Amino acid sequence: MQPTNNNPSPSKPPRNSGGGGNNPQSGPRRGGGQGQGRSGGPGGRGGKTQPMTNSLTTSRGQAVRAQRRSQQDAQRIANQYISAETAPKARGRANVVDDSPRLKIIGLGGMDGGGSKNMMLVEYLNDAVVIDAGVDLGVDLPGINYGIADFSYLEQIKHKLRAYVITHGHLDHIGGLPHIVPKFPAPIYGSKFTIGRVEEIFENFGLPMPDGFELKTVTMNESTHERLKIGEFFVELVGVTHAIPGSTCVVLDTPVGRIINTGDFRLDPNPLDHEKTDTDRLIELGKEGVLALLSESTSPERLGRTPSESLLEPSFVDIMDRAPGRIFVAIFSTNINRIQMIINAAVHHNKKIALDGRSMMSTLEMAIRHGFVRVPKGTFVPIASVPTMKDTDVVIVCTGGQGEPSSALQRMANGEHRHVKMKEQDTVILSSTPIPETGNDALIGAMIDNLTRKHVHVFNHVNHELLGVGPLHVSGHASREEYADMINMTQPKFFIPIYGAYRSKQSHLELAVEQGIPRANTINAENGEIIALTADKMESIGEVPHGTILVDQAGYIVNNVVVKDRVLLSEEGLVAVILTIDKKSGNLLTSPDIISRGFIYMRDNEEIMNGLRTELKRAVQQRFKRVDLDRFKAELKDHIMHYLFEHTQRSPIVIPVVNIVTGGGGGKPADQGQGRKPGAQQQPEAAPKSPEEVAAEQQKRFQEMRARLLTQDARVD
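Only a predicted model underlies this, so the values are computations on that prediction, with no experimental measurement involved. (Residues numbered from 1 in each chain as written. Predicted model: local features only at pLDDT ≥ 70, side-chain atom pairs only at ≥ 80, totals over all residues. Heavy atoms only, no water.)

(A) View of the nonpolar core. Of all hydrophobic cores here, the largest spans 36 residues; its most connected members are Leu 121, Leu 154, Tyr 164, Leu 177 and Ile 188. Here this core takes 4 residues from helix H5 (residues 192–204), the largest share from any one element. Not counting chain neighbours up to four residues away, the residues in contact with Leu 121 comprise Lys 104, Ile 105, Ile 106, Leu 108, Ala 128, Val 129, Val 130, Tyr 153, Leu 154 and Ile 157. (Core = buried A, V, L, I, M, F, W, Y, C linked by side-chain atoms within 4.5 Å. Buried < 20%, exposed > 50% of the residue type's maximum accessible area, 1.4 Å probe, protein only. Helix = DSSP H or I, 4+ residues; strand = E, 2+ residues; numbered from the N terminus. Contact = heavy atoms within 4.5 Å.)

This is the structure in structure tokens:
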């Protein structure tokens, strides 16, 4: 005999994941051909049949509605990050390229959700420039690392693309480049530090680049106001203060007029690296004339002005005076100014510094190589040497200030680090605050709880006054008065808030109106919205394909359907039922195998599982020989779903696997063109075997088949 395995491929989503397919509650099966639900027989089989069950108290409709709600909830969660391909087509979608002589500005990303996956497109006739291409690190979905802006529209205009111009080197502005630039090649422009960061992420990107791809970068000097020609545009970078060196505004002179993208900025009067915002040049540009200001909108609701970062260095010196043992400083790897402060304070106290965290090491090495950090000789020591040093002689600078579970700080605190394990009387400085819109507050709180249980001294910015120390963090972004200053310096005709949550952009828009810009000359645009500009008019003229492309831990793109299934699995779990049926008799060859993952613990619910096995046996007896195989599996899945909802009020993903075993030692599997016609295309009969030989062969084949299907005996799981 030969088994026929009708198990769907593991790589394919379950049949119910798309809301249709063979489910008798959806699609054309509901009304015709194959019969109605479980009461109508298949065409040509004659007459009505009994339903699979008559003992359940909940209605089939209740179970179907519950399953549909679970699927809809999962789809809503997944659709927060839906791609352009998956999104429903909206009216007015600009799938045909508009070549009218207007300047078009399109936010492919960054116009929602706290300014994540920032990506702006500027297009005029046959030329286009992308400003920034970042990632969204706040995606909270199973197995997803980050999201990037959907680049479908670039496919339509790739012949126009002339350059990528980058405002600064944070991942929410450059992290999408390794995914996008190889598909749509063009040179990448930026400041010296920004280009260093771009080259760094391409070097560290985990996936191979396409054959023939060559990264092309152009380093610009933001201090000399050089202007470079890119197609019909001229580009200039203007230095601004932010939380990373080399931050700039992008000034793009176009045939229609000048636009300025501020990038992320603050107006710090006394930054440690003396890289103050070039306000003189911004004022000069404003006097020359600015058509449109595209201004970042992270925190226009924060009153006043952002304090200067120069206030922080005395705080580090003070804590190092007090600390009784080792000092751990958790910091963003790109905050080079802050790292320089820690180096200065450590040298002042004659302490050595050990670094940990791959991004920390990579970024600092690049910063030292390009002269952005000054380190006295002998200051750094290997992390492996920390256990042999006196506690009072070392400062460990590492990642983990956002409470990331796999960060260096967390591994040290949990005793999982290869070289350093945190102990009583250690001191931890968290020189950061939770990133807006990410929900990191809970992670940071849990980490501080864990450190406090270990009797570790924790200094964080939120409680710095209570702890008797100076500030430990300042924002890299402007506050309300500084946003107003940017508007007044550049004097734009039109104002477009970008890189922020919708509510923050609206607050920024209201601020612009307060500064004298007519409300008709402002717009709070959504991702994908086309803003068309002439010298005298700004209007919204439609939208282009847009959305979020999800990327997993290895760097591969993940389909939205897969994400929905993952959400369903995380919420409801999975039940797989494996039936092995003798084709000739229509009887089960063994008790049904049931596998539950993330649904219920089978040992604690033996009554439910035994009842399900009884129902499955009865279903096989009643329906297997009366309907075709596809119909049988669809009804079986429906019945299992109904039974489980009756007893648990939950709707897991259900996968029925039906294996047909043909007798006689030579028959082909039932799914290889024979349908269900007995005796069709039979092989020549072999020499007759004794009943004992037949039984032994059946048992051996069945055990082999079962071993392939099951990793363990699910009935004792």
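(B) View of the pairing of strand S12 (residues 248–253). Burial analysis of S12 places 6 of its 6 residues in the buried class, the great majority of the element. Of the two faces of S12, the one carrying Thr 248, Val 250 and Leu 252 and the one carrying Cys 249, Val 251 and Asp 253 are both buried. Across 6 bridges, strand S11 (residues 233–239) lies against S12 in antiparallel orientation. Following the sheet pairing, Phe 234 is matched in S12 by Asp 253. Linking S12 back to strand S13 (residues 258–261) in an antiparallel pair, the connection comprises 4 residues. (Pairing = 2+ DSSP bridges.)

(C) A look at the sheet that holds strand S23 (residues 548–552). Strand order in this open sheet of 4 strands is S5-S6-S23-S24, and the pairing throughout is antiparallel. Two strands in the sheet have a free side with no partner beyond their single neighbour: strand S5 (135–136) and strand S24 (557–558). In this sheet, strand S6 (residues 144–149) lies alongside S5 in antiparallel orientation, the contact comprising 2 bridges. By the bridge assignment for S6, Val 135 is matched with Ile 148.

(D) The arrangement of the pattern of salt bridges in detail. Applying the stated criterion across every chain yields a total of 30 salt bridges. Between Glu 236 and Arg 281 there is a salt bridge, and its shortest N-O distance comes to 2.8 Å. Of this pair, Glu 236 sits in strand S11 while Arg 281 sits in helix H6 (residues 279–288), placing them 45 residues apart in sequence. Put simply, Asp 268 and Arg 266 hold a salt bridge, and the shortest N to O gap is 3.4 Å. Each member of the pair, Asp 268 as well as Arg 266, carries the same accessibility label: buried. If you follow the salt bridges from partner to partner, you end up with Arg 227, Glu 236, Asp 253, Arg 258, Arg 281, Glu 284 and Glu 288 in one network. (Salt bridge = Lys/Arg side-chain N within 4 Å of Asp/Glu carboxyl O.)

(E) How the structure looks around the sheet that holds strand S9 (residues 217–219). In spatial order, the strands read S9-S8-S7-S4-S3-S2-S21-S22; together these 8 strands make up an open sheet with mixed pairing. Strands with a single pairing partner mark the edges of an open sheet, and in this sheet they are S9 and strand S22 (538–543). Here the average twist between neighbouring strands, direction ignored, is 25 degrees. Here 4 bridges tie strand S2 (residues 103–109) to strand S21 (residues 529–533), and the two strands are oriented antiparallel to one another. Bridge pairing links Leu 103 to Leu 533 in S21. Of the strands in this sheet, strand S8 (188–190) and S9 are in contact with H5, which crosses S8 at around 140 degrees. (Axes fitted to C-alpha atoms, helices over the stretch in contact; angles between N-to-C directions.)

(F) Representation of helix H8 (residues 336–348). With 13 residues, H8 extends 18 Å between its outermost C-alpha atoms, agreeing within 8% with the 18 Å of an ideal straight helix rising 1.5 Å per residue. Taken across its 13 residues, H8 has 10 buried, putting it largely inside the fold. Tucked inside the fold, the buried residues of H8 contact H5, helix H7 (313–322), strand S15 (327–330), strand S16 (352–356), helix H9 (358–369) and strand S17 (394–398). Immediately downstream of H8, the backbone of Asn 350 shows phi near 60 degrees, a positive value. (Expected span 1.5 Å × (residues − 1).)

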